There are 2 protein chains.
Amino acid sequence: MSKSNNVYKDAYNRGLRLLDETKSLPSEPELGVLLGVSRTTIRTILARMEETGLIAWNKRSKTVLRVPQPDDFFPEEETDTLSQIIERSFMRRLLAGGAEPGMQINELELAREIGVGTTSVREFLIRFSRFGLIEKRRNSHWVLKGFTRAFALELTEIREMFELRSAAAFAALPQDSPVWADLDLLEDEHRLLARQIAMRFNEFSELDERFHRLIHRASHNRFIVDFYDVIAMIFHYHYQWNKAQERERNEVAVTEHLAYIAALKSRDLGKVDAACRKHLKSARHTLLTSIPEGQQPQQA
Amino acid sequence: MSKSNNVYKDAYNRGLRLLDETKSLPSEPELGVLLGVSRTTIRTILARMEETGLIAWNKRSKTVLRVPQPDDFFPEEETDTLSQIIERSFMRRLLAGGAEPGMQINELELAREIGVGTTSVREFLIRFSRFGLIEKRRNSHWVLKGFTRAFALELTEIREMFELRSAAAFAALPQDSPVWADLDLLEDEHRLLARQIAMRFNEFSELDERFHRLIHRASHNRFIVDFYDVIAMIFHYHYQWNKAQERERNEVAVTEHLAYIAALKSRDLGKVDAACRKHLKSARHTLLTSIPEGQQPQQA
DNA sequence: TTAATGTCTTTTATCGTGAAAAAACAGTTT
DNA sequence: AAACTGTTTTTTCACGATAAAAGACATTAA
């Protein structure tokens, strides 16, 4: 096997959803933009839709014949990128315990275990190394540094530095900047979520990420913006892993966000600083309490 | 060809220098530690040294027979890592002009041009991406963001944030910390270099890096320490590229470093902050003046 | 009985290859 | 002639294979 066609399968699944809404599909280039893939992939998708009797396709006319059924979709797991598969698998092992800091990481073994080629694993590890959880020994193996208390503290130290600066930059943005409209929209979403928190508390993490990314973007600094990838990754897996008091935690966070938003809108730097600090402090606390205590870093 | 034996060649060259000093070589494991390679490589080296009549090798006895000649050494260029070769080649193209921001980067073309496989180029680009000069379009090509004024400003913003914090942490270190001894040694090296600046000004950049890394290490934060890789990379190529007033610049920098060191030793946070700020300001200025003005970022 | 050497096994680094996907080009339709 | 469709070329992505290098095990010397 040389390359999986997950791009096609994922785009196909998303394409099926378009069939519910219209009686005929737009042009190929338009579909390409819509689904974020090339025309080549669009044509493969259309070919299959024709084959399975979903549409009648003749040059420009792409008439919808029937509504897609559940079994028209490709299985979810076939739409994932290889790197997503590897990342998930790797993080599961990392968080599932037994992964002591100092332990060495074996490319070949990982590849075999996940059922992928070594190249993909290597590339993943290189990409992943910027998160600071693993480290490469010169022309030798990788070493696990581990999701330790020290890691969490170092991560949050930078996060706090960056976010305080970004928040200040945000508050200083001119009134006609489009970010204020974005902030208003996010505020509405927060209010709505706050009201329905009992049912929708698990939707918070996605909103959280969008909110913080908006703020970080105000820094206009690629290193700050990119660093949020590290935070997002950690929080993503952390949320999946530690479900204790999830509802309460998220309820508190929503409230803090709303206060933070109000502070930003006041454009009072003192208030912004205080609201930001308060929120980051509780975020740090949440993260720290979720770290297994036993794990202490080995001597390298 | 599957893998070059540059590790062996480089270690061999370094091994030759040991022959000048002693009449017989130590044990294989000891040599391994000394040259930073495995015993397998050490044995390959010893085998060749025996073959070329440099040593007589019988089990534990490794007697030096003659002093190595210039042509005993492998050519410098054969001792480089593939990734070093690729990086150099890539940076040359980047700085040599004609590399407009927004331009797309072609893996295959790069690989052919440098004469290496695509895998190595891919891995290089992934590793290199953390420097913020290039960016990947989702399942498509890489895009050059370019060594622009914006890049330099964003880089220095983070650098200043991190270094001020590290310097403060450094000054707060207890008197019995080993870093003070390291600092003393560096101070001596600075004084010596200052006296011989006319001849040795080009040795400054190496000293500069060691000095700043020592300070950053005091932060005990892997993200801060790792970020210095970005700065070091940029300065490395920047120094190679822009030789204008190199002597004067370095002379000023040495003086600033000495003031900075004095401030650290005083452990007076106000003085440290001032000395650090002063040095970083002139470093930023130097970097900014070296950026070609014409290059403006394209619309992405 | 410790620490070396000799030998064998495992892992990493790199390439060429082939399918998926993108992109470029050429020909049609409105 | 602008925007589409049909076709061809190029590029990315992922694999297995292979030599270099690391590492583990067995044996021998001090």
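Draft legend 1. Fine view of the protein's contact with DNA strand D. Every one of the 42 residues lining DNA strand D counts as a neighbour, but Arg43(A), Ser120(A), Ser2(B), Thr41(B) and Arg122(B) are closest to it. When the atoms of DNA strand D within 4 Å of the protein are grouped by moiety, sugar and phosphate amount to 70% of the total. Here a sugar or linking oxygen of DNA strand D and a backbone polar atom of Ser2(A) are 2.8 Å apart. Interatomic distance of 3.2 Å between a backbone N/O atom of Leu108(B) and a phosphate oxygen of DNA strand D. Taken together, the elements giving at least two residues each to the surface near DNA strand D come down to helix H2 (28-35), helix H3 (39-51) and helix H6 (118-128) of chain A together with helix H1 (6-19), helix H3 (39-51) and helix H5 (107-114) of chain B. When the residues that make up the surface near DNA strand D are grouped by side-chain class, the tally is 9 nonpolar, 19 polar and 14 charged.

Draft legend 2. Structural detail: the interface of chain B and chain A. Between chain B and chain A, the residue contacts involve 29 residues of the former and 29 residues of the latter. Buried area between chain B and chain A, both sides added, is near 2700 Å², and the carbon and sulfur share of it is 54%. Broken down residue by residue, the surface that chain B buries against chain A is led by Glu154(B), Arg222(B) and Phe223(B), which jointly contribute 27%. Where chain B meets chain A, there are 6 salt bridges. Breaking the side of chain B that touches chain A down by element, the ones donating at least two residues are helix H6 (118-128), helix H7 (149-171) and helix H11 (222-241) of chain B.

Draft legend 3. How the structure looks around the environment of Glu154(B). Along the chain, Glu154(B) falls in helix H7. Considering only alpha carbons, one finds Glu154(B) and Gly132(B), 22 residues apart in sequence, at a separation of 9.8 Å. For Glu154(B), the contacting residues outside a window of four places in its chain are His220(A), Asn221(A), Arg222(A) and Phe223(A).

Draft legend 4. The packing of aromatic side chains, seen in detail. All names here are of chain A. Scanning the entire structure with this criterion turns up 27 aromatic pairs over all chains. Residues Tyr8 and Tyr12 carry aromatic rings whose centres are separated by 6.1 Å and whose planes lie at 55° to one another, so their mutual orientation is tilted. A residue pair is termed a helical-turn pair when its members lie 3 or 4 positions apart in one helix, as Tyr8 and Tyr12 do in helix H1 (residues 6-19) at 4 residues. Of the two residues, Tyr8 and Tyr12, both sit in the buried class.

Draft legend 5. Here's a closer look at the sheet that holds strand E3 (residues 104-105) of chain B. All names here are of chain B. Pairing is antiparallel in the open sheet, where 3 strands are placed in the order E3-E5-E4. Because the sheet does not close on itself, it has two edges, and the strands there are E3 and strand E4 (134-136). Both E3 and strand E5 (residues 142-144) contribute to a ladder of 2 bridges, which runs antiparallel. Across the sheet, the residue bridging to Gln104 is Val143, located in E5.

Draft legend 6. Structural detail: the sheet that holds strand E3 (residues 104-105) of chain A. The sheet built from 3 strands is open, its strands ordered E3-E5-E4 (chain A) with antiparallel pairing. This sheet does not close on itself; its edge strands, each paired only once, are E3 and strand E4 (134-136) of chain A.

Draft legend 7. Structural context of the protein's contact with DNA strand C. Looking at DNA strand C, there are 43 residues lining it, with Ser2(A), Thr41(A), Arg122(A), Arg43(B) and Asn139(B) nearest. Close to the protein, within 4 Å, the atoms of DNA strand C are drawn from sugar and phosphate at a rate of 69%. Here a phosphate oxygen of DNA strand C sits 3.2 Å away from a polar atom, N or O, in the main chain of Glu107(A). A distance of 2.5 Å is found between a phosphate oxygen of DNA strand C and a side-chain nitrogen or oxygen belonging to Ser120(B). Breaking the surface near DNA strand C down by element, the ones donating at least two residues are H1, H3 and helix H5 (107-114) of chain A together with helix H2 (28-35), H3 and H6 of chain B.

Draft legend 8. Seen up close, the packing of helix H8 (residues 179-195) of chain B against helix H12 (residues 246-266) of chain B. Residues and elements named next belong to chain B. Put simply, H8 and H12 touch, their axes get as near as 10 Å, and they point 150° apart. On the basis of their axis angle, the class for H8 and H12 is roughly antiparallel. When you trace H8 past H12, the crossing you get is left-handed. On H12, the residues that touch Trp180, Leu183, Asp184, Glu187, His190, Arg191, Leu193 and Ala194 of H8 are Val254, His257, Leu258, Ile261, Leu264 and Lys265. Among the residues forming the contact of H8 with H12, the class breakdown is 8 nonpolar, 2 polar and 4 charged.

Draft legend 9. Up close: the relation of the copies chain B and chain A. Screw-axis analysis of chain B against chain A gives a translation of 0.0 Å along the axis, an RMSD of 0.2 Å, and a rotation angle of 180°. Here the symmetry operator amounts to a two-fold rotation axis. In this assembly, 97% of the residues forming the interface of chain B have copies in chain A that are likewise at the interface, indicating an isologous arrangement.

Draft legend 10. Broad picture of helix H8 (residues 179-195) of chain A. For H8(A), with 17 residues, the first-to-last C-alpha span of 24 Å sits near the 24 Å given by 1.5 Å per residue. Check the buried side of H8(A) and you find it contacts helix H7 (149-171), helix H9 (197-200), helix H10 (204-217) and helix H12 (246-266) of chain A.

Draft legend 11. View of the nonpolar core. Phe90(A) and Phe90(B) are the most contacted members of the largest nonpolar core, which has 142 residues in total. Ignoring any residue separated from it by four or fewer positions in sequence, one finds Phe90(B) in contact with Ile105(B), Leu110(B), Phe124(B), Leu125(B), Phe128(B) and Ile134(B).

Draft legend 12. The arrangement of H1(A) in detail. All names here are of chain A. Under the 1.5 Å per step criterion, the end-to-end length of H1 is 20 Å for 14 residues, consistent within 8% with the ideal 20 Å. Within the sequence span of H1, burial applies to Asn6, Tyr8, Lys9, Ala11, Tyr12, Asn13, Gly15, Leu16, Leu18 and Leu19. Of the surrounding elements, those touching the buried residues of H1 are H2, H3, strand E1 (55-58) and strand E2 (61-64).

Draft legend 13. Region of the structure containing the side chain of His212(A). If you trace the backbone, His212(A) turns up in helix H10. Apart from the residues lying within four places of it in its own chain, the contact partners of His212(A) are Arg159(A), Glu163(A), Tyr228(A), His257(A), Tyr260(A) and His279(A).

Procedures and definitions
- Residues numbered from 1 in each chain as written.
- Chains lettered and ligands numbered in written order.
- Predicted model: local features only at pLDDT ≥ 70, side-chain atom pairs only at ≥ 80, totals over all residues.
- Heavy atoms only, no water.
- Near = heavy atom within 4 Å.
- Polar contact = N/O pair within 3.5 Å; in protein donor to acceptor, adjacent residues only side chain to side chain.
- Helix = DSSP H or I, 4+ residues; strand = E, 2+ residues; numbered from the N terminus.
- Nonpolar A, V, L, I, M, F, W, Y, C, P; charged D, E, K, R; others polar.
- Contact = heavy atoms within 4.5 Å.
- Buried area = accessible area lost by both parts, 1.4 Å probe.
- Salt bridge = Lys/Arg side-chain N within 4 Å of Asp/Glu carboxyl O.
- Phe/Tyr/Trp six-rings, centres within 6.5 Å; stacked < 30°, edge-to-face > 60°.
- Buried < 20%, exposed > 50% of the residue type's maximum accessible area, 1.4 Å probe, protein only.
- Pairing = 2+ DSSP bridges.
- Axes fitted to C-alpha atoms, helices over the stretch in contact; angles between N-to-C directions.
- Parallel < 35°, antiparallel > 145°, perpendicular 65-115°, else oblique.
- Left-handed = near helix turned anticlockwise from the far one by under 90°.
- Least-squares fit on C-alpha atoms with pLDDT ≥ 70 in both.
- Expected span 1.5 Å × (residues − 1).
- Core = buried A, V, L, I, M, F, W, Y, C linked by side-chain atoms within 4.5 Å.

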